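# Report on the structure
What follows is the residue order along each chain.
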Amino acid sequence: MTESLTIRRPDDWHLHLRDGAMLEGVLPWTARHFARAIVMPNLVPPVVTGAEAAAYRERILAALPDGMTFEPLMTLYLTEDTDPEDVAAAAESGLVKAVKLYPAGATTNSASGVRDFDKVRPVLERMAEIGLPLCVHGEVTRREIDIFDREAVFIDEVLDPIRRATPGLRVVMEHITTAEAAAYAAEGDETLAATITVQHLMLDRNDMLVGGMRPHLYCLPILKRGTHRPKLVEAATGGSPRFFLGTDSAPHPTHAKEAECCAAGCFTAPVALSCLAEIFDEADALDRLEAFTSLNGPAFYGVPVNEERITLTRGAPIDIPAKIETGAGPVSVFNPGRPVHWRVT
Ligand code: NCD
Ligand code: ZN
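Residues numbered from 1 in each chain as written. Chains lettered and ligands numbered in written order. Predicted model: local features only at pLDDT ≥ 70, side-chain atom pairs only at ≥ 80, totals over all residues. Heavy atoms only, no water.

## Considering the overall build of the protein
Per the secondary structure count, the protein includes twelve helices and 13 strands. The C-alpha radius of gyration of the protein comes to 19 Å, within 12% of the 20 Å expected for a compact globule of 345 residues. Reported as C-alpha extents along the three principal axes, the dimensions of the protein are approximately 55 × 45 × 40 Å. Counting all 345 residues of the protein, 58% fall into the buried class. Residue pairs in contact within the protein that sit at least 24 positions apart in sequence constitute 74% of those at least 6 positions apart. Surface exposure of the protein reaches about 13,700 Å², of which carbon and sulfur atoms provide 50%. The distance from the centre of the 33 positive side-chain charges to the centre of the 48 negative ones in the protein is 3 Å. (Helix = DSSP H or I, 4+ residues; strand = E, 2+ residues; numbered from the N terminus. Rg over C-alpha atoms; globule rule 2.2 N^0.38 Å. Buried < 20%, exposed > 50% of the residue type's maximum accessible area, 1.4 Å probe, protein only. Contact = heavy atoms within 4.5 Å. Areas by Shrake-Rupley, 256 points an atom, 1.4 Å probe, with all protein chains shown as cover. Lys, Arg positive; Asp, Glu negative; His and termini not counted. Charge placed at Lys NZ, Arg CZ, Asp CG, Glu CD.)

## What about the sheet that holds strand β10 (residues 309-314)?
Two pairing modes exist for strands in a sheet, parallel and antiparallel, and in both the strands are linked by backbone hydrogen bonds. With respect to topology, three strands assemble into an open sheet ordered β1-β10-β13, the strand pairing being antiparallel. Among the strands making up the open sheet, the edge pair consists of β1 (4-8) and β13 (342-344). On average, each strand axis in the sheet is tilted by 25 degrees relative to the strand beside it, whichever way the strands run. In this structure, β10 lies alongside β13, joined through three bridges in antiparallel fashion. (Pairing = 2+ DSSP bridges. Axes fitted to C-alpha atoms, helices over the stretch in contact; angles between N-to-C directions.)

## Overview of the site of ligand 1
Of all residues adjacent to ligand 1, which total 15 residues, the nearest are Arg18, Asn42, Thr107, Leu220 and Asp248. Between an oxygen atom of ligand 1 and a side-chain N or O atom of histidine 16, the distance comes to 3.0 Å. The contact in question runs from an oxygen atom of ligand 1 to an N or O atom on the backbone of glycine 265, over 3.1 Å. Bound to the protein, ligand 1 loses 100% of the 310 Å² it would expose on its own. For ligand 1, the cavity whose grid points lie within 2 Å of the majority of its atoms is the largest cavity. Grouping the constituent residues of the shell around ligand 1 by class yields four nonpolar, nine polar and two charged. (Near = heavy atom within 4 Å. Polar contact = N/O pair within 3.5 Å; in protein donor to acceptor, adjacent residues only side chain to side chain. 1 Å grid on protein atoms, 1.4 Å probe; cavity = no way out; pocket = protein on both sides within 12 Å on 5 of 7 lines; lining within 4 Å. Sits in = over half its atoms within 2 Å of the grid points. Nonpolar A, V, L, I, M, F, W, Y, C, P; charged D, E, K, R; others polar.)

## Some thoughts on empty space enclosed by the protein
Counted under the stated rule, the structure contains five cavities of 30 Å³ or more. Of the pockets and cavities examined, the largest cavity occupies roughly 120 Å³. Lining the largest cavity are 19 residues, with His16, Thr107, Thr108, Leu220 and Asp248 positioned closest to its centre. Broken down by class, the residue content of the lining of the largest cavity amounts to six nonpolar, ten polar and three charged. Here the second largest cavity is characterised by a volume of approximately 80 Å³. What lines the second largest cavity is Val136, Gly138, Glu151, Phe154, Ile155, Leu159, Met173, Glu174, Ile176 and Ala181. Looking at the lining of the second largest cavity, the element that brings in the most residues is helix α5 (residues 150-165), giving four residues. Tallied by class, the residues present in the lining of the second largest cavity amount to seven nonpolar, one polar and two charged. (Points joined across faces, edges and corners; volume = space filled by probe spheres on them.)

Listed below in structure tokens is the structure:
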């Protein structure tokens, strides 16, 4: 049995860092293990322009404790008023690495997202020209579509038409949760990739709902029927360059999770790598962990791989803290509800 594994330092290709006191509280948990992260722009108000992304980047770097290194890879929040030339300038200066598409109303802080996809056509065309990736929250939001079907319907109704209408557009299907999304990404060409979270690789909707509702497992896209999870594990561990890690670590204060209307998001940053090693170990695919965490993402985004290494070691189950303290209140840490034997050493 493998007891220790050394890999290139991972990156997180989908992360929520928030702002202010919450940013200060959660950033060290990511910077401990990850060299870089694609930082989501769904602040209130959202990060829409290049100037706003530059200012947010400065706030992130200012919140980084002395002695830690971390490179935030900035994104812009696509709105129906986004200026294609502002996007192009922010990308060409190297500041912005992707644009994020939220269908309006799909998830936390997505009210300024896109309602009419024709309105963002000029931005998408400009992005295809310059090779700037579009990160997509792939869920339709129509009332009549069941929450468990929203991802699969989005692929047919929105994603596939956008890709056909915009040849060359580089697209990341973010936090995929279904067999349908895994199959669509696997069949795509080199302009397509998909990220997968830790919670979707480890859990299904039974874990969240049977025996009582567990708000700390509630995120969007929601955990699906158990038949989907093995397909995601297959995608992550199968060696395809199309798939890489995006934790979607999404901190909310514990009181907002344990509420009558619980906020969507799992705070996985502290345990993400331990959990992933457990999943890859179970799948007998530890030799492919590095591709998923540290190689496939840089290849898609066209950035160099990290030179530094980290080592994971197998041993007694790790202690997962119930909460971390932040200036914005305690934040409950994701716990998969079963032993995790790998630690970053
Ligand atoms: C994210 C958040 O809290 O910002 N929540 C989540 O459940 N994943 C938003 C998102 O990525 O959908
Ligand atoms: Zn997210």
